[in-house]
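# Survey of secondary and tertiary structure
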Amino acid sequence: MMQNKKHKPLQNRHIALIGTSGFKGRTLLKKLEADSKIKKLIVIDRKRPPFELKKAKFYKLDLTENLADARLAEIFSEEKIHTVIHTAIPSSPPQNNSLSHEIISVGSMYICNAAAAAQVQKFILVSSTMVYGAFANNPNFMSETHPLRGGIKNKFLADKVDAEKSVMKLAQKHPEMTVTILRTATLIGPTVQSYKTRYLSRPMLLTILGYDPLIQFLHEDDCIEALQLAVEKDIAGVFNVVAEGVLPLSRVLHILRKIEFPLPEFIAKNVVQSLWYLNISPAPKSLLNFLKYLCVADGEKAKKELGFHPKYSSREALLTFVGAERLRDVALDIPEEVLS
């Protein structure tokens, strides 16, 4: 990717945030709205955020619409956008693969086309370490140069890899633009919700018999801190955003005090896929590899170049999730008249 440009003061930048329905986009929006240095903030999504906007201007736009890229380019040009932040990639696999492809793969291409047409100066994509995939021959810690194999036999992750490829192509064609990709580890904490937190919230957790992969978490607060650093600093490149330390899945289950339900892989695949079709399983069978093999990323580059230093280790991040879960369980046991 390109060399970093001369820094432009944050207060002189017009920022466009695309995608606020998920935790990352929604929480970053609140942080940016509270930042007095940011004078102009544009929000683009198919639905207005579920809270009052203090200074952000909202544009309604569905990335699956025809000519969405042309409309985006118009907005970027009219609002003189300096920085585009793309957080419109869902963290949980949708039931509709075609719609998912339109939003993630095609939608990302549209955003990149619009950014190029409007000559924006900075582009940030929020991605995931899952794009590396979970494989038996993965190294213990994967650097940012590791091949993106997550899309092999997995349409959801293939679309995420496509999104990254579109952004990398944007960087290659427009070296004058600062392009940053953040690959975050599994988000966990008191408030974030995803198919992974739904899996961990269940009283009995399905595992693959004979496998105990290492798991890497990232606390939700640390994730937003990394995003803010990427907004404030003009640092181009790809960065793994992860917490310190890893935990074996068996240890995760022990900390959660959950009952393990190990199944042979061929049985687990049939069970999970059947439950997925019934909208009961939080994920399809194509993601079961993450219960077999490790997918752990090296975060040294983000520390050295981006200045990202996570406050929570993987274990500490998990414990905040456990504490919030137990508080919710206690609240459910309290009579309603006491809570009112």
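The following refers to the structure shown.

What counts and how
- Residues numbered from 1 in each chain as written.
- Predicted model: local features only at pLDDT ≥ 70, side-chain atom pairs only at ≥ 80, totals over all residues.
- Heavy atoms only, no water.
- Core = buried A, V, L, I, M, F, W, Y, C linked by side-chain atoms within 4.5 Å.
- Buried < 20%, exposed > 50% of the residue type's maximum accessible area, 1.4 Å probe, protein only.
- Helix = DSSP H or I, 4+ residues; strand = E, 2+ residues; numbered from the N terminus.
- Contact = heavy atoms within 4.5 Å.
- Patch = residues over 30% accessible without salt bridge, like charges linked within 9 Å, V, L, I, M, F, W, Y side chains within 5 Å.
- Areas by Shrake-Rupley, 256 points an atom, 1.4 Å probe, with all protein chains shown as cover.
- Salt bridge = Lys/Arg side-chain N within 4 Å of Asp/Glu carboxyl O.
- Phe/Tyr/Trp six-rings, centres within 6.5 Å; stacked < 30°, edge-to-face > 60°.
- Lys NZ or Arg CZ within 6 Å of the ring centre and 35° of its normal.
- Axes fitted to C-alpha atoms, helices over the stretch in contact; angles between N-to-C directions.
- Parallel < 35°, antiparallel > 145°, perpendicular 65-115°, else oblique.
- Nonpolar A, V, L, I, M, F, W, Y, C, P; charged D, E, K, R; others polar.
- Pairing = 2+ DSSP bridges.
- Right-handed = clockwise from strand over helix to strand, strands pointing away.
- 1 Å grid on protein atoms, 1.4 Å probe; cavity = no way out; pocket = protein on both sides within 12 Å on 5 of 7 lines; lining within 4 Å.
- Points joined across faces, edges and corners; volume = space filled by probe spheres on them.
- Expected span 1.5 Å × (residues − 1).

## Some words on the nonpolar core
A general tendency of soluble globular proteins is for nonpolar side chains to be buried together. Ranked by size, the top nonpolar core spans 79 residues in total, and within it I44, L72, F76 and F123 carry the most contacts. If you tally residues by element for this core, the top one is helix α6 (residues 220-232), at seven residues. Setting aside anything within four residues of it in sequence, one finds L72 in contact with I18, I44, L61, L63, Y110, I111 and A114. Membership of the second largest hydrophobic core comes to 23 residues, among which are L200, F217, L249 and I255.

## Some remarks on unusual backbone geometry
Excluding glycine, residues mostly have negative phi values, and the peptide bonds linking residues are mostly trans. A positive phi is found at R257, a non-glycine position, where the angle reads about 60°. Take R257: it is sitting in the loop between α7 (249-256) and β13 (259-263). Although it is not a glycine, N279 adopts a positive phi angle of roughly 65°. Mapped onto the secondary structure, N279 falls in the loop between α8 (265-277) and α9 (300-306).

## Considering a nonpolar patch on the surface
Together, M204, I259 and F261 line one region of the surface with nonpolar side chains, adding up to about 290 Å² of accessible area. Tracing the chain through its elements places F261 in strand β13.

## Some points on the packing of aromatic side chains
The final tally for this structure, using the stated rule, is one aromatic pair. Residue placement shows K30 over the ring face of F51; its charged tip is 4.9 Å from the ring centre. Here the basic side chain of K301 rests over the ring of F239, its NZ or CZ set 5.0 Å away from the ring centre.

## Describing the packing of helix α3 (residues 97-117) against helix α4 (residues 155-173)
For the pair α3 and α4, interaxial distance at closest approach is 9 Å and the crossing angle is 5°. The angle between α3 and α4 places the two elements in the roughly parallel class. Each of N97, S100, H101, I104, S105, S108, M109, C112, A115 and A116 in α3 lies in contact with α4, whose residues at this interface are K155, F156, D159, K160, D162, A163, S166, V167 and L170. Of the residues that constitute the contact of α3 with α4, the class distribution is nine nonpolar, six polar and four charged.

## Observations concerning the pairing of strand β1 (residues 14-18)
With respect to burial, β1 is a largely interior element, four of its five residues being buried. By the bridge criterion, five bridges tie β1 to strand β2 (residues 40-45) in an arrangement that is parallel. Bridge pairing in β2 places I18 opposite I44. Of the crossover connections in this fold, the one passing from β1 over helix α1 (residues 23-34) to the parallel β2 is right-handed. Pairing between β1 and strand β4 (residues 83-86): four bridges, direction parallel. Counted as the bridge partner of I15 is T83 from β4.

## Concerning the layout of surface pockets
Of the volumes computed, that of the largest pocket is approximately 1,100 Å³. When contributions to the lining of the largest pocket are tallied by element, the ones reaching two or more residues are α1, β2, α3, β5 (122-128), β7 (186-188) and α5 (195-201). If one sorts the elements of the lining of the largest pocket by residue count, α1 sits on top with four residues. Residue classes in the lining of the largest pocket are distributed as 19 nonpolar, 16 polar and ten charged. Estimated volume of the second largest pocket: approximately 680 Å³.

## Quick word on α1
Over its twelve residues, α1 runs 17 Å from end to end, which matches the ideal 16 Å to within 8%, given 1.5 Å per residue. Buried within α1 we find F23, K24, G25, T27, L28, L29, L32 and E33.

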